[in-house]
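Analysis of the macromolecular model
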2 protein chains.
Amino acid sequence: MRSVEDLVRLFRERGYKVTPQRRLIFELLAGDRSHPTAEEIYQRVRAVMPEVSRTTVYNTLRELITLGELRPVENLSEGGTRYDTNTTHHHHLFCVQCHALIDIDREFEGIELPPEEAAGFRLVNYQVTFYGYCPDCQRADGGRPSQGKE
Amino acid sequence: MRSVEDLVRLFRERGYKVTPQRRLIFELLAGDRSHPTAEEIYQRVRAVMPEVSRTTVYNTLRELITLGELRPVENLSEGGTRYDTNTTHHHHLFCVQCHALIDIDREFEGIELPPEEAAGFRLVNYQVTFYGYCPDCQRADGGRPSQGKE
DNA sequence: TTTTAGTTTATAATGATTACAGATTAGTAA
DNA sequence: TTACTAATCTGTAATCATTATAAACTAAAA
Ligand SMILES: [Mn+2]
Ligand SMILES: [Mn+2]
Ligand SMILES: [Zn+2]
Ligand SMILES: [Zn+2]
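My aim in this report is to walk through the structure given alongside it, one point at a time. Everything numeric in this text was worked out from a predicted model, so none of it was measured. (Residues numbered from 1 in each chain as written. Chains lettered and ligands numbered in written order. Predicted model: local features only at pLDDT ≥ 70, side-chain atom pairs only at ≥ 80, totals over all residues. Heavy atoms only, no water.)

Quick word on the overall build of chain A
Across its full length, chain A carries five helices and five strands. Counted from the first residue to the last, chain A has its helices and strands arranged as α-α-α-α-β-β-β-β-β-α. For 150 residues, the compact-globule formula gives about 15 Å, and the C-alpha radius of gyration of chain A, at 20 Å, lies well above that figure. Along the first, second and third principal axes, the C-alpha atoms of chain A reach 50 × 45 × 25 Å. Expressed as a percentage of its 150 residues, the buried residues of chain A come to 45%. In chain A, 47% of the contacts between residues at least 6 apart in sequence involve partners at least 24 apart. Looking at chain A as shown, the accessible area adds up to about 7800 Å², and 49% of this sits on carbon and sulfur atoms. Each charge class in chain A was averaged separately, 19 positive and 23 negative side chains, and the resulting centres sit 9 Å apart. (Helix = DSSP H or I, 4+ residues; strand = E, 2+ residues; numbered from the N terminus. Rg over C-alpha atoms; globule rule 2.2 N^0.38 Å. Buried < 20%, exposed > 50% of the residue type's maximum accessible area, 1.4 Å probe, protein only. Contact = heavy atoms within 4.5 Å. Areas by Shrake-Rupley, 256 points an atom, 1.4 Å probe, with all protein chains shown as cover. Lys, Arg positive; Asp, Glu negative; His and termini not counted. Charge placed at Lys NZ, Arg CZ, Asp CG, Glu CD.)

Focus on the coordination of the zinc ion (ligand 4)
All names here are of chain B. Protein coordination at the zinc ion (ligand 4): the donors are C95 (SG), C98 (SG), C134 (SG) and C137 (SG), at 2.3 Å from the metal. What the four donor atoms of the zinc ion (ligand 4) show is an angle range of 105 to 115° at the metal, which sorts the shape as tetrahedral. Mapping the donors of the zinc ion (ligand 4) onto the primary sequence yields the spacing C-x2-C-x35-C-x2-C. With C98 in the loop between strand 3 (91-95) and strand 4 (101-104) and C134 in the loop between strand 5 (122-133) and helix 5 (135-139), the pair connects residues that are 36 residues apart, well separated along the chain. (Donors = N, O, S within 2.8 Å, 3.2 Å for Na, K, Ca; no water. Tetrahedral: all angles 85-135°; square planar, octahedral: opposite > 155°, others 65-115°.)

Here's the deal with the coordination of the manganese ion (ligand 2)
Protein-derived ligands of the manganese ion (ligand 2) are H35(A) (NE2), D84(B) (OD), H90(B) (NE2), H92(B) (NE2) and D103(B) (OD), with the metal-ligand distances lying across 2.1 to 2.2 Å. Taken together, the positions of H90(B) in the loop between strand 2 (83-84) and strand 3 and D103(B) in strand 4 put the pair 13 residues apart, joining distant regions of the chain.

A short note on unusual backbone geometry
All names here are of chain B. Here H35, not a glycine, exhibits a phi torsion of approximately 55°, which is positive. Along the chain, H35 falls in the loop between helix 2 (20-30) and helix 3 (38-48). Positive phi outside glycine occurs at H99, with the angle close to 70°. Along the polypeptide, H99 turns up in the loop between strand 3 and strand 4.

Regarding the interface of chain A and chain B
Facing 71 residues of chain A, the contacting portion of chain B comprises 71 residues. Looking at the side of chain A facing chain B, the largest losses of area belong to H35(A), Y83(A) and T85(A), adding up to 14% of the total buried there. Where chain A touches chain B, the interface holds two salt bridges. A salt bridge links E117(B) to R106(A); its shortest N-O distance comes to 3.0 Å. (Buried area = accessible area lost by both parts, 1.4 Å probe. Salt bridge = Lys/Arg side-chain N within 4 Å of Asp/Glu carboxyl O.)

A few points about the relation of the copies chain A and chain B
It takes a turn of 180° to lay chain A on chain B, together with a shift of 0.0 Å along the axis; the resulting RMSD is 0.1 Å. A rotation of that kind, with that shift, is consistent with a two-fold axis. Measuring from the rotation axis to each C-alpha of chain A, the shortest distance belongs to V128(A), at 2.2 Å. The share of interface residues of chain A whose copies in chain B are also at the interface is 100%, consistent with both copies meeting through the same surface. (Least-squares fit on C-alpha atoms with pLDDT ≥ 70 in both.)

Some details on the pairing of strand 3 (residues 91-95) of chain A
Residues in a regular strand point their side chains to alternate faces of the sheet. Residue and element names in this part refer to chain A. Burial of strand 3 is extensive: five of the five residues sit out of reach of the surface. Residues of strand 3 alternate between two faces, with H91, L93 and C95 on one and H92 and F94 on the opposite face, all of them buried. One ladder, built from four bridges, connects strand 3 with strand 4 (residues 101-104); its direction is antiparallel. Residue pairing across strands places H92 opposite D103, the latter belonging to strand 4. Two successive antiparallel strands, strand 3 and strand 4, enclose a turn made up of five residues, where H99 displays a positive phi of approximately 70°. Relative to strand 5 (residues 122-133), strand 3 runs parallel, the two sharing four bridges. (Pairing = 2+ DSSP bridges.)

Notes on the pattern of salt bridges
Residue and element names in this part refer to chain A. The final tally for this structure, using the stated rule, is 16 salt bridges over all chains. Of the charged contacts, one joins E69 and R2 as a salt bridge, the two residues approaching to 2.6 Å between their closest N and O atoms. Taken together, the residues span a long stretch of sequence, with E69 in the loop between helix 4 (54-66) and strand 1 (71-72) and R2 in the segment before helix 1 (4-13) at a distance of 67 residues.

Considering the protein's contact with DNA strand C
As a matter of local geometry, DNA strand C sits amid 22 residues, with Y58(A), T19(B), R22(B), T56(B) and T81(B) nearest to it. By atom count, sugar and phosphate contribute 76% of the portion of DNA strand C lying within 4 Å of the protein. Take V18(A): an N or O atom from its main chain is 3.0 Å from a phosphate oxygen of DNA strand C. T55(A) has a polar side-chain atom sitting 3.3 Å from a base nitrogen of DNA strand C. Only helix 4 of chain A together with helix 2 and helix 4 (54-66) of chain B provide two or more residues apiece to the surface near DNA strand C. (Near = heavy atom within 4 Å. Polar contact = N/O pair within 3.5 Å; in protein donor to acceptor, adjacent residues only side chain to side chain.)

This is the structure:
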């Protein structure tokens, strides 16, 4: 995500107005590496401008996402937790269109995190997720989220 | 996840009663590899026993999870979407206790999915997530979800 | 059978997010 | 500067996924 002033310029270019609320959200996010939730951002905003509404925070986040300046952390359970009958360690292949989720039961070599990159974490597991288009969605490329199988 | 009869035995062993509702949910899940949501399971249950309630489905799923026979698909945005100011391709390190989420900006070698394992998918991306305990949570191992930094 | 602890159901409550409508304002142009 | 207006903001209601509650029901032990 760019600097506050770049975001201001970008918003103006695209015909979005630059309000004090938006500018404050830019300032709070520009330096942030903590992957905050909307609620956390709202609380930080409120500490400075107590009258700002949650809706404005949600709206501004959505705008930043639309402009490609922010993104939601990847989440395979959009629209409800998904349950896995495979309780052993394994990886996944996810269709970004129809949300088909397929197990990958083999192991990958070379996925090590040297201590200096592990930020002091004691590691217990890791998981790889591949994103792509399943055969059904490649074919029916019209666009509507087909339901794949069944 | 085990066979229906094994699940029946397991439930009896642990003092859970085996009701027709539970047995049906076992039957629907035992062969399933689709990573269904609670709502999808509920709809499948309802097609057979229309009077079963959503609550029973949720309860049974929770029991299966408690017994280690089922698990929720990993999700870094438990309790609300998290927003990422880093919009470029990168990986993550996640504290399973306080949910701290840290970027890993380097690439991993050897993460290839040969076509025969790709199930016909056209791949567009992949992501690695490491799970572990952050330094704060290793120290304060009492258990309560400390908030880490800030 | 009878008993009862555990289970189910319907309904209410909660938490995250989106939809809406009326009040407010950024940015433009006179 | 002032006036204008489309865009934005706020408060509130609605929606969706999930959990809590309490009264009715029942599996399984005696
Ligand atoms: Mn799986
Ligand atoms: Mn990140
Ligand atoms: Zn698909
Ligand atoms: Zn931690």
